[in-house]
Structures are given as C-alpha cells and as structure tokens.
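Structural characterization, general
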Amino acid sequence: MVIHEYAGIVTELEDHKCPHCGTLMSPWLPPPETGWDVILICESNNCSFYLGSEEDIAHKREGSHLGCRFALNPQNGYKPVNVLAVCPH
Ligand SMILES: [Zn+2]
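Residues numbered from 1 in each chain as written. Predicted model: local features only at pLDDT ≥ 70, side-chain atom pairs only at ≥ 80, totals over all residues.

What about the overall build of the chain?
- If you tally the helices and strands in the chain, you get one helix and six strands.
- When the helices and strands of the chain are read in sequence order from the N terminus, they spell out β-β-β-β-α-β-β.
- Taking the contacts inside the chain whose residues are at least 6 apart along the sequence as the reference set, 38% of them involve residues at least 24 apart. (Helix = DSSP H or I, 4+ residues; strand = E, 2+ residues; numbered from the N terminus. Contact = placed C-beta atoms within 7 Å.)

Structure representation (structure tokens):
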C-alpha cells in the first residue's frame, strides 16, 4: 500500500506495478483541470510505454517533446489513463 498526503488529505492506494516496465507506480496529484484525484503513475523514463508514446506523438507534432506516461486512476477502479508529460530529453 502507498500513502499520498496533500493538504491534510491522506489517500491510501493499492500497490501497482507498471505492466510495461515493472516499476512500482507512485502516487501523483494531477493538475486541477484534469478533474482527477490522486492517481498512480509510472515515473520511469525507461518505460516502454513512455518511450513508445514519445515516438507516436513526435510524428504528429514535431519538436513538442511530449510523451504519455502510463497511469492508473484509483477513482475509476484502477483503470489505465494516459498522462501527457514533457520528456526530459
Ligand atoms: Zn512503466
């Protein structure tokens, strides 16, 4: 179990490993405009999902350096969601 605390609100989340790279996923509070509560996200820069998504998007929008990280939404029965993130390279 992982525990996320923000502004006095404690959220307990199940342990989940990323199915693409096996990294233990971390709790993350998305920007308010997403309307999501705390989600679990794969933070690995070597994740095949993340690296693959970067290539997909690069073909559509050159030089944007955006990629999708694999994430799970606990409010939605831990269903996978895509989180757009800026690539570090
Ligand atoms: Zn991963």
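Quick word on the environment of Asp 15
- Mapping Asp 15 onto the fold places it in the loop between β2 (9-13) and β3 (26-28).
- Put simply, Asp 15 and Val 2 are 13 residues apart on the chain and 6.2 Å apart in space, counted from C-alpha to C-alpha.
- Ignoring any residue separated from it by four or fewer positions in sequence, one finds Asp 15 in contact with Met 1, Val 2 and Leu 24.

Details of the pairing of β2
- With zero of its five residues buried, β2 lies for the most part at the surface.
- Count of turn residues in the strand β1 (residues 2-6)/β2 antiparallel hairpin: two residues, of which Ala 7 carries a positive phi of about 50°. (Buried ≥ 20, exposed ≤ 12 C-beta atoms within 10 Å, placed from the backbone. Pairing = 2+ DSSP bridges.)

Concerning the confidence of the model for the chain
- Within the chain, residue pLDDT values average 84, and 80% of them lie at 70 or more.
- No element of the chain has a lower mean pLDDT than helix α1 (residues 48-60), which averages 69, and none a higher one than strand β4 (residues 39-41), which averages 94. (pLDDT = per-residue confidence, 0-100.)

A short note on unusual backbone geometry
- One non-glycine residue with positive phi stands out, namely Ala 7, at about 50°.
- Mapped onto the fold, Ala 7 is located in the loop between β1 and β2.
- Positive phi is not limited to glycine here, since Tyr 78 has a value of about 55°.
- Within the secondary structure, Tyr 78 sits in the loop between β5 (66-73) and β6 (79-86).
- Overall, the presence of 15 C-beta atoms within 10 Å leaves Tyr 78 in the partly exposed class.

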